[in-house]
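The chain contents come next:
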Amino acid sequence: MAKILDGKAVSAHVREQVKAEVEALAKQGVPVGLAVIIVGDDPASRTYVNNKKKACAAAGIRSEEYALPAETTQEELLALVETLNKKPAVNGILCQLPLPAHLDEKAVIAAIAPEKDVDAFHAVNVGHIMIGDYAFLPCTPAGIMEMLRYYDIDIAGKNCVVIGRSNIVGKPMAMLLLQQNGTVTICHSKTRDLAAHTRNADILVAAVGIPHFVTADMVKAGAVVIDVGMDRDENGKLCGDVDFAGVEPKASYITPVPGGVGPMTIATLLKNTVTAAKQQNGLL
Ligand code: NAP
């Protein structure tokens, strides 16, 4: 039986810390503000944005939403980013991805001022992460690292296998595990004999986007299994990339979906927004 890595509980702890910091900053005359941009009416994006706004409100962070129609042009979106870059009351800017297909995500990310890039997607922030000298970390991988720390899970010397190499999850996840002295393998859709790699993992992170992709035969006994997936099963129910029922008896620790990685992602966004406010006010 694996121990459950309870993202809800750990994130509640982080959010309490953030709330206390936001209160302390308010007393110093530094209110904390986040601007959230959403383009179009994708229901999943709407849910994520609502959750982020709710979490901001609970932590005392002022959030302002910019809900733009699906037909917004690249120029209009870039003009909004530019306005927010210059707005002192906005410490962090988040543009909910994915954007409608006619918009250039890379250009939008590049337009966000790096010091307000609380998702840590801008090339400048990605570069800082590579050299291990950073203010912001991307929310999902950083949230996972926080959870591993909270449960005293040692990474040094461990075989860490990350399935997925996206810029927002897989690649930065691998880098953070490497910084903590893990021996890291990154797998992807062209990896040969994936299971041979995953069976060697002491820490296995699945960020694939395919429901129940990781099955018990792919997991080493006693492994720590982190499920990043936010997928829908054949009945439309939220599930992860890991076949939880099959893998849980074999793992030492495992994250559930929901209630694992997802809440940590939001908690890290709040942390990053506070960091941005401190940095912009010379308090770091
Ligand atoms: P993504 O950009 O679609 O990347 C998926 C990765 O999985 C790619 O690198 C792909 O390889 C790899 N892959 C696909 N099929 C594979 C296969 N058969 N074998 C091995 N690797 C395979 O997805 P993402 O944005 O990283 O997200 C991954 C999952 O995490 C999704 O379910 C997403 O909803 C979820 N997510 C959750 C949170 C959270 O807060 N919990 C945050 C972000 C994302 P190639 O590069 O070769 O195509």
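Higher on the page you've got the structure.
Residues numbered from 1 in each chain as written. Predicted model: local features only at pLDDT ≥ 70, side-chain atom pairs only at ≥ 80, totals over all residues. Heavy atoms only, no water.

> Would you explain the sheet that holds strand E5 (residues 159-163) in this entry?
Hydrogen bonds between backbone groups are what pair the strands of a sheet, and the pairing can be parallel or antiparallel. What the six strands build is an open sheet, ordered E1-E11-E8-E7-E5-E6; its pairing is parallel. Across the chains shown, the open sheet's two edge strands, defined by having one partner strand only, are strand E1 (3-4) and strand E6 (183-187). Note: E5 against strand E7 (residues 203-206), four bridges, orientation parallel. Within E7, the position partnered with Ile163 by the bridge is Ala206. (Pairing = 2+ DSSP bridges. Helix = DSSP H or I, 4+ residues; strand = E, 2+ residues; numbered from the N terminus.)

> What exactly am I supposed to notice about unusual backbone geometry here?
Glycine aside, negative phi is the norm for most residues, and most peptide bonds take the trans geometry. Put simply, Leu97 and Pro98 share a cis peptide bond, and its omega is 0°. Position of Pro98 relative to the elements: it lies in the loop between strand E4 (92-95) and helix H4 (105-111). For the bond from Val257 to Pro258, the omega torsion is 0°, close enough to zero to count as cis. In this structure, Pro258 sits in the loop between strand E11 (253-254) and helix H10 (261-280). The phi angle at Asn181 is positive, at roughly 70°, despite the residue not being glycine. By the secondary structure assignment, Asn181 is in the loop between helix H7 (170-179) and E6. Of note, Asp193 is a non-glycine position whose phi angle comes to about 50°, a positive value. Take Asp193: it is sitting in the loop between E6 and helix H8 (194-198).

> In this structure, what is going on with the sheet that holds E4? I would like to understand it.
Spatially, E3-E2-E4 is the arrangement adopted by the three strands of the open sheet, whose pairing is parallel. Here the strands that pair on one side only, and so sit at the sheet edges, are strand E3 (62-68) and E4. If you compare each strand with its neighbour and ignore which way they point, the axes differ by 15° on average. Bridge count for strand E2 (residues 33-39) against E3 is seven bridges, and the pairing is parallel. The residue of E3 that forms the bridge with Gly33 is Arg62. Strands in contact with helix H2 (residues 43-59) are E2, E3 and E4; relative to E3, the strand with the most contacts, it is inclined by about 160°. (Axes fitted to C-alpha atoms, helices over the stretch in contact; angles between N-to-C directions. Contact = heavy atoms within 4.5 Å.)

> I'm lost on the packing of helix H6 (residues 139-150) against H10 in this one. Help?
One can describe the packing of H6 onto H10 by two numbers: an axis separation of 7 Å at closest approach and a directional angle of 105°. With respect to H10, the axis of H6 lies roughly perpendicular. Where H6 abuts H10, its residues Cys139, Thr140, Ala142, Gly143, Ile144, Glu146 and Met147 lie against Val261, Met264, Thr265, Thr268, Leu269, Lys271 and Asn272. (Parallel < 35°, antiparallel > 145°, perpendicular 65-115°, else oblique.)

> When you look at the side chain of Glu146 in this model, what are you seeing that I'm missing?
Mapping Glu146 onto the fold places it in helix H6. In this structure, Glu146 is in contact with Val14, Met264 and Lys271, ignoring residues within four places of it in sequence.

> Teacher, can you tell me more about empty space enclosed by the protein here?
A water-sized probe, rolled over the atoms, reveals where empty space remains. As enumerated under the stated definition, the model contains one cavity of 30 Å³ or more in all. Empty space within the largest cavity amounts to approximately 50 Å³. Forming the walls of the largest cavity are Ile93, Cys95, Ile109, Ile112, Asp117, Asp119 and Phe121. Considering only residue class, the lining of the largest cavity consists of five nonpolar, no polar and two charged. (1 Å grid on protein atoms, 1.4 Å probe; cavity = no way out; pocket = protein on both sides within 12 Å on 5 of 7 lines; lining within 4 Å. Points joined across faces, edges and corners; volume = space filled by probe spheres on them. Nonpolar A, V, L, I, M, F, W, Y, C, P; charged D, E, K, R; others polar.)

> Is there a simple way to think about the layout of surface pockets in this case?
Computed from the structure, the second largest pocket encloses a volume of approximately 230 Å³. In terms of lining residues, the second largest pocket is bounded by 14 residues, among which Tyr134, Leu137, Ala142, Arg149 and Lys271 are the most central. Elements supplying a minimum of two residues to the lining of the second largest pocket: H6, H7 and H10. Of the residues assigned to the lining of the second largest pocket, the class counts are six nonpolar, five polar and three charged.

> For this particular structure, what's the right way to read the site of the ligand?
Near the ligand there are 21 residues, and of these Arg165, Ser166, Ser189, Asp231 and Thr265 occur at the shortest range. His188 is positioned such that a nitrogen or oxygen atom in its backbone is 3.5 Å from a nitrogen atom of the ligand. In isolation the ligand exposes 920 Å². Once the protein is present, 70% of that is buried. Residues that form the shell around the ligand fall into these classes: 10 nonpolar, nine polar and two charged. (Near = heavy atom within 4 Å. Polar contact = N/O pair within 3.5 Å; in protein donor to acceptor, adjacent residues only side chain to side chain. Areas by Shrake-Rupley, 256 points an atom, 1.4 Å probe, with all protein chains shown as cover.)

Such coordinate-based values are descriptive only and should not be taken to indicate function.
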